[in-house]
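# Coordinates in review
One-letter residues, chain by chain:
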Amino acid sequence: MVTGPDAPMSLLLELTHRCPLQCPYCSNPLKLERAGEELATRDWIAVLDQAAALGVLQVHFSGGEPMARADLVDLVGHAARLGLYGNLITSAVLLNERSLAALADAGLDHVQISFQDSDAAGADRIGNHAGAHSKKLAAARLVRESGLALTLNFVVHRHNIARVPEMIALGETFGAGRVEIANVQYYGWGLLNRAALLPTRAELDSCTEAVFAARARLRANMVIDYVVPDYYAREPKGCMSGWGRRFINISPTGRALPCHAAETLPGFDWPSVRGATLSDIWYRSEAFARYRGVAWMPEPCRTCDRREIDWGGCRCQAFALTGDAGRTDPACHLSPDHAIMAAAAREADAPAPDFVYRRIGADAAMVRA
Amino acid sequence: MSEAVDERRVPSFRRGSKFRFDAVRDAWVVLAPERLFMPDEHAVEILKLVDGVRTLGDITDDLCTRYDAPRDLVLTDVAAMLDDLAEKGVIAW
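So, a few notes on the structure that sits alongside this text. Quick caveat, the model's predicted, so the values are computed rather than measured.

Conventions we followed
Residues numbered from 1 in each chain as written. Chains lettered and ligands numbered in written order. Predicted model: local features only at pLDDT ≥ 70, side-chain atom pairs only at ≥ 80, totals over all residues. Pairing = 2+ DSSP bridges. Helix = DSSP H or I, 4+ residues; strand = E, 2+ residues; numbered from the N terminus. Axes fitted to C-alpha atoms, helices over the stretch in contact; angles between N-to-C directions. Buried ≥ 20, exposed ≤ 12 C-beta atoms within 10 Å, placed from the backbone. Arc of directions from axis to C-beta. Contact = placed C-beta atoms within 7 Å. Nonpolar A, V, L, I, M, F, W, Y, C, P; charged D, E, K, R; others polar. Parallel < 35°, antiparallel > 145°, perpendicular 65-115°, else oblique. Left-handed = near helix turned anticlockwise from the far one by under 90°. Core = buried A, V, L, I, M, F, W, Y, C linked by C-beta atoms within 7 Å. Right-handed = clockwise from strand over helix to strand, strands pointing away.

### Structural notes on the sheet that holds strand β2 (residues 18–22) of chain B
Residues and elements named next belong to chain B. If you trace the three strands from one edge of the open sheet to the other, you get β2-β3-β4, paired in antiparallel fashion. In this open sheet, the two strands that pair with only one neighbour each are β2 and β4 (35–37). Strand after strand, the sheet turns through a mean of 25° between neighbouring axes, direction not considered. Where β2 meets strand β3 (residues 27–32), five bridges bridge the pair, whose relative direction is antiparallel. In the sheet register, Asp 22 faces β3, and the bridge partner there is Ala 27.

Here is the structure:
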């Protein structure tokens, strides 16, 4: 019997690429989509309806900064009425008592606030936004007082990795149920800024030790999720739990992608929710089927015991580092391209160059210069 | 049994955790921040009794009336399952 893929579990809505911050590792694509091209409220409502019918269970309201959309509360409310678990992924610099109360009343389940550092000067330098850190602290306090579930997300790199214990302590201060210590993932803006961001192996080892010590100390009081950079991994991450297996990302203009970085891959005709239903996109589009499952895999993945654990790793990384999205992720020690990772890691020993901040047109300016 | 389980403890779902039936999959699911669990049928029967009022002892008694198993064994299993979900941020004691 031939069976199709399982229903998707999770939907991430990049409601907008507008954002007050300019973090040089932003997960948005280098070519940011403009405000005038964004989907209308009714389009997002239709996406939510179709997602719930399709079996999606969790919706992540993200961006850019999702609070830059005037209709966020309406969308959160609609998702809640459909029984979808609503997660807000926000920089929190636009969050205040009134907007938080409206989101909570609409049925939001969880707030994840991104922090750039535990140190204000370091944080504001990364976001290129003076005063952002103090706004985030105030916002985290408001979320705590509201009783909503709170995650503090810290993206770590060579400029802040030594302060991971202080980051976890900040999570304790705010009574966060969850803290995420996520090393930068090197795609798009992150890859462009890799030499300015990648920590050394020794710095990463200290960070790992700090995370494990905190986990042992905090146990059930706080969940600490930890993401390492692929450059020091032995096995690749099971990116998105497999291509087209659980997850759909929708860009501000309605393009449906198997992950937020997939637009970096050439040779795809990405389906759009403007022209197709989510069901057609999930079950019938070529783009979602291309690297789904194990049939597409080359060696050494094809016969590997871990092929249904790591799913060949990350297609975007394979393309970015080898030029072929269909190769084994070079993060794997069994990849014939694995030496690329060690060579790149040597950048971490050199002085850090300046950041290329995330701005519309910044990538093009970089190429011209 | 190694150590005594405190039966008076009251489990509840943490704010931000949801336990609901999914009609598409015809299955119960636990939803939490960046987490999704598909509990097996024993876990489902336990979680249906978690309401922030019933004690661990109450939940055990309820299950014992339905299953033909020694009470101390049921108690240990229920406590272990709920402790595991507490470590995952789903259950608060």
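### Notes on helix α6 (residues 164–173) of chain A
All names here are of chain A. Residues of α6 that are buried: Val 164, Met 167, Ile 168, Leu 170 and Gly 171. End-on, the buried residues of α6 take up no more than an arc of 150°, which puts them together on one face. Against the buried residues of α6 lie β5 (149–156), β6 (178–183), α9 (201–218) and β7 (223–227). One or two residues past the end of α6 sits Gly 175, with phi positive at roughly 60°.

### As for the interface of chain B and chain A
Taken together, the contact pairs 17 residues of chain B with 20 residues of chain A. Within the residue set of the side of chain B that touches chain A, elements represented by two or more residues are β2, β3 and α3 (71–87) of chain B. Per-element tally for the side of chain B that touches chain A: the top contributor is β2(B), with three residues. A per-class count over the side of chain B that touches chain A returns six nonpolar, two polar and nine charged.

### What to know about the packing of α6(A) against α9(A)
All names here are of chain A. With their axes 9 Å apart at the nearest point, α6 and α9 run at an angle of 30° to one another. One way to sum up the angle between α6 and α9 is to call them roughly parallel. The two elements α6 and α9 cross, and the hand of that crossing is right-handed. Touching Val 164, Pro 165 and Ile 168 of α6 are Cys 207, Ala 210, Val 211 and Ala 214, all from α9. Here the contact of α6 with α9 is built from residues that sort into seven nonpolar, no polar and no charged.

### Thoughts on the nonpolar core
Core analysis: the biggest nonpolar cluster contains 126 residues, and A:Leu48, A:Val59, A:Phe61, A:Leu152 and A:Val164 have the highest contact counts within it. Take this core: its biggest share by element is six residues, from β5(A).

### Focus: the packing of helix α2 (residues 56–66) of chain B against α3(B)
Residues and elements named next belong to chain B. Remark: α2 packs on α3, axes separated minimally by 9 Å, with the N-to-C direction vectors making an angle of 125°. Viewed along their axes, α2 and α3 adopt a mutual orientation that is oblique. At the point where α2 passes α3, the crossing takes the right-handed sense. Judged by residue contacts, Leu 56, Ile 59, Thr 60, Leu 63 and Cys 64 of α2 engage Arg 71, Val 74, Leu 75, Val 78 and Ala 79 from α3. In terms of residue class, the contact of α2 with α3 is made up of eight nonpolar, one polar and one charged.

### So, the pairing of strand β1 (residues 10–14) of chain A
Residues and elements named next belong to chain A. Taken across its five residues, β1 has five buried, putting it largely inside the fold. Of the two faces of β1, the one carrying Ser 10, Leu 12 and Glu 14 and the one carrying Leu 11 and Leu 13 are both buried. Read from β1 through helix α1 (residues 41–54) to strand β2 (residues 58–62), the crossover connection turns out right-handed.

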